[in-house]
Amino acid sequence: MRPLVAILLLAVLVTAAPAQLARDYTGVLSYSIAMPTGDTNEFISNSSFRGLEIEGRRFIKPNLSWSLSWQWNTFNEATSGTFEIPNGHITGNQHRILYSWPFLAKAHYYFGEPTMGSKTAVPFVGLGAGAYWVRETLEFGVLAVEETNWHFGFSPEAGILIPTVGTNDLVLSAGYHYAFESGGRGPHSYWTIKLGVGYSS
Amino acid sequence: MRPQLLRLSSTIGAAALIIAAALVLCSCGLDSGFNSIADFDVVVTIYDDEADFGAIQTYAMPDSVARLGEDEGDFDRTYDRLILDELAANLEAAGYVREEDPEANGADVVVLAGVTSADWHVWISYPWYDYWGWYSGWGYWGDYSGYNYYYPPCPGCGGSYTYTTGSLLVTMEDRNAADEDEETIPIIWAAGMNGLLEGSTAGIGSRITGGIEQAFVQSPYLEAD
């Protein structure tokens, strides 16, 4: 994480401050940490430190935007023990892997106007909905079972947009993802914490 | 123009580095921490939930371990004695008495052990005579050479199990319940220890012992009344 923070600070410090301007578009690229809950937590309880989000926000009002986003979080966990199967039991080491790719349309409301070049951080709340591609893999010794399903889901989030200097932003947010049951799997759910860098025009 | 270009390049640079960092984080191998061959051992047991395991008093077991596959494979018979002794010890601990003369006296069940000399696909049923037809103990039950074994009903298990080369399979079959119309003999309990005889010879003995003991530990219903 330390190199990532240094990169973000460097990107902010080397730029000069322009006049304050309203923004039309903001692109945000974020690093994402995820903590599983519910059924997802029963399958894998480890937090995910492998995550990414790419999002493009279009401002339709100074304090309102809609966006499209793609995220990627990978969870994995190694465990062992005896597990029940139909008419029997199986014992061995397991490696469980879950990939979640949400493709979401979102709307964000800002408690203020996040103008470019402003020195004021602006809190926001947002809600997204769309499709979740989820792949679950269960490796049992040399055997493996894989399940891939598309789920419908939604994701509320809250955060703070910090216009730094120039057209750059830092975006810090926390969100929750819920993907409804599909194909006999799920529902899947997890919290995310994201740290991103934005570029606006 | 210069400050704008600087701002743009710094943002693009930061974004590119974040993408690179994220892709490295996402794409590098997900390490399970399982490294040795023993870490991949799996013990599977299935049973017929209508079988009365408590009523079983005696069992018969051929004094040999079959090679399941097209040929003998690379496995010598170094571990056959250990496999049979370990099975006998665990069956005795379950309260079952070994019938030493099944040809004359029969037995409640027959226990068979085999090692796969190639990847072995076990469907719902398979022919047994090719592997254990030589056993003199069958004389008590008559000629069932054309019959197939079939595994316990297992909803959701799919059509077959696949065991890799070197797997140890143990079955308990109820020859007294042979279906003469269907020409089948039911297997009421089966244990598969996947890949147990693979890898270096070091540790194979303890893996066999541990695997067979685990098969019985996870089958507590194997206990004579």
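One can find the structure itself at the top, above this paragraph.
Source: prediction; values computed, not measured. (Residues numbered from 1 in each chain as written. Chains lettered and ligands numbered in written order. Predicted model: local features only at pLDDT ≥ 70, side-chain atom pairs only at ≥ 80, totals over all residues. Heavy atoms only, no water.)

Undergrad: I'm lost on the overall build of chain A in this one. Help?
TA: In terms of helices and strands, chain A carries two helices and eight strands. Surface summary for chain A: the accessible area is close to 8700 Å², and the carbon and sulfur share equals 64%. (Helix = DSSP H or I, 4+ residues; strand = E, 2+ residues; numbered from the N terminus. Areas by Shrake-Rupley, 256 points an atom, 1.4 Å probe, with all protein chains shown as cover.)

Undergrad: Just to check I follow, could you spell out a negative patch on the surface for this structure?
TA: All names here are of chain B. Residues D179, E180, D181 and E182 make up a contiguous surface patch of negative charge. Inspection of the secondary structure assignment puts E180 in the loop between β10 (168–173) and β11 (184–194). According to the relative accessible area criterion, E180 is exposed, its value standing at 55%. (Patch = residues over 30% accessible without salt bridge, like charges linked within 9 Å, V, L, I, M, F, W, Y side chains within 5 Å. Salt bridge = Lys/Arg side-chain N within 4 Å of Asp/Glu carboxyl O. Lys, Arg positive; Asp, Glu negative; His and termini not counted. Charge placed at Lys NZ, Arg CZ, Asp CG, Glu CD. Buried < 20%, exposed > 50% of the residue type's maximum accessible area, 1.4 Å probe, protein only.)

Undergrad: Help me out: how do you make sense of the nonpolar core in this one?
TA: Among soluble globular proteins, nonpolar side chains are generally buried collectively. Residue and element names in this part refer to chain B. If you look at the biggest cluster of nonpolar residues, it comprises 34 residues, and the most contacted ones within it are I83, Y96, M172 and W189. At the level of secondary structure, the elements contributing two or more residues to this core comprise α2 (80–93), β5 (109–116), β10, β11 and α5 (204–217). Dropping the residues within four chain positions of it, I83 is found in contact with V65, A113, V115, L168, I208 and I212. If you look at the next biggest cluster of nonpolar residues, it comprises 22 residues, including A66, V110, W128 and Y144. (Core = buried A, V, L, I, M, F, W, Y, C linked by side-chain atoms within 4.5 Å. Contact = heavy atoms within 4.5 Å.)

Undergrad: Would you take a moment to explain the packing of aromatic side chains for this structure?
TA: Geometry of an aromatic ring pair is reported as the spacing of the ring centres plus the angle between the planes. Residue and element names in this part refer to chain A. Enumeration according to the criterion identifies 20 aromatic pairs over all chains in this entry. Ring centres of F75 and Y190 lie 5.3 Å apart, and the angle between their planes is 65°; on these two criteria the pair is classed as edge-to-face. Taken as a pair, F75 in strand β3 (residues 64–85) and Y190 in strand β8 (residues 188–200) lie far apart in primary sequence, 115 residues in all. Note on accessibility: F75 and Y190 belong to one class, buried. Judged by centre distance (4.7 Å) and plane angle (55°), the ring pair of Y176 and W191 falls under tilted. Of this pair, Y176 sits in strand β7 (residues 168–179) while W191 sits in strand β8; the two residues are 15 residues apart in sequence, bridging distant segments of the chain. (Phe/Tyr/Trp six-rings, centres within 6.5 Å; stacked < 30°, edge-to-face > 60°.)

Undergrad: Teacher, can you tell me more about the pattern of salt bridges here?
TA: Pairing of side chains with opposite charge becomes possible as their charged atoms draw close. Residue and element names in this part refer to chain A. Counting across every chain of the model gives 15 salt bridges over all chains. Note that E53 and K194 form a salt bridge whose closest N and O atoms lie 2.6 Å from each other. Placement of E53 in strand β2 (residues 50–61) and of K194 in strand β8 is noted, with a sequence separation of 141 residues between them. Of the two residues, E53 and K194, both sit in the buried class. Three or more residues are tied together by salt bridges with common partners; here these are E53, E55, R57, K106, E157 and K194.

Undergrad: So what exactly am I meant to see when it comes to a nonpolar patch on the surface here?
TA: Residue and element names in this part refer to chain A. Where nonpolar side chains cluster on the molecular surface, the patch consists of I60, W66 and L68 and spans about 330 Å² of accessible area. As for its position among the elements, W66 is in strand β3. Under the relative-accessibility criterion, W66 is labelled partly exposed at 41%.

Undergrad: Would you mind showing me how to read the pairing of β10(B) here?
TA: Regular strands have side chains that alternate between both faces of the sheet. Residues and elements named next belong to chain B. Counting buried residues in β10 gives six out of six residues, a clear majority hidden from the surface. Residues L168, V170 and M172 line one face of β10 and the alternating positions L169, T171 and E173 line the opposite face, and both faces are buried. Relative to β10, β5 is paired through six bridges, and the arrangement is antiparallel. Residue pairing in the sheet places V115 in a bridge with L168 of β10. Where β10 meets β11, six bridges bridge the pair, whose relative direction is antiparallel. Looking at the pairing, E173 lines up with I187 of β11. (Pairing = 2+ DSSP bridges.)

Undergrad: Sorry if this is basic, but what is going on with the environment of A:F111 here?
TA: Residue and element names in this part refer to chain A. Examined against the element boundaries, F111 turns out to sit in the loop between β4 (88–110) and β5 (122–140). Separated by 47 residues in the primary sequence, F111 and L64 place their C-alpha atoms 9.3 Å from one another. Excluding anything up to four places from it in sequence, F111 contacts V122, P123, F124 and V125.

Undergrad: How should I be thinking about the packing of α2(B) against α5(B) in this particular structure?
TA: How two helices pack is summed up by the angle between their axes together with the distance between the axes. Residue and element names in this part refer to chain B. At a minimum axis separation of 10 Å, α2 and α5 run at an interaxial angle of 30°. By the angle between their axes, α2 is roughly parallel relative to α5. In the packing of α2 onto α5, the handedness of the crossing is right-handed. Residues L82, I83, E86, L87, N90 and L91 of α2 pack against G205, I208, T209, I212, E213 and F216 of α5. Grouping the constituent residues of the contact of α2 with α5 by class yields seven nonpolar, three polar and two charged. (Axes fitted to C-alpha atoms, helices over the stretch in contact; angles between N-to-C directions. Parallel < 35°, antiparallel > 145°, perpendicular 65-115°, else oblique. Left-handed = near helix turned anticlockwise from the far one by under 90°. Nonpolar A, V, L, I, M, F, W, Y, C, P; charged D, E, K, R; others polar.)

Function-wise, these values are silent; they only describe arrangement.
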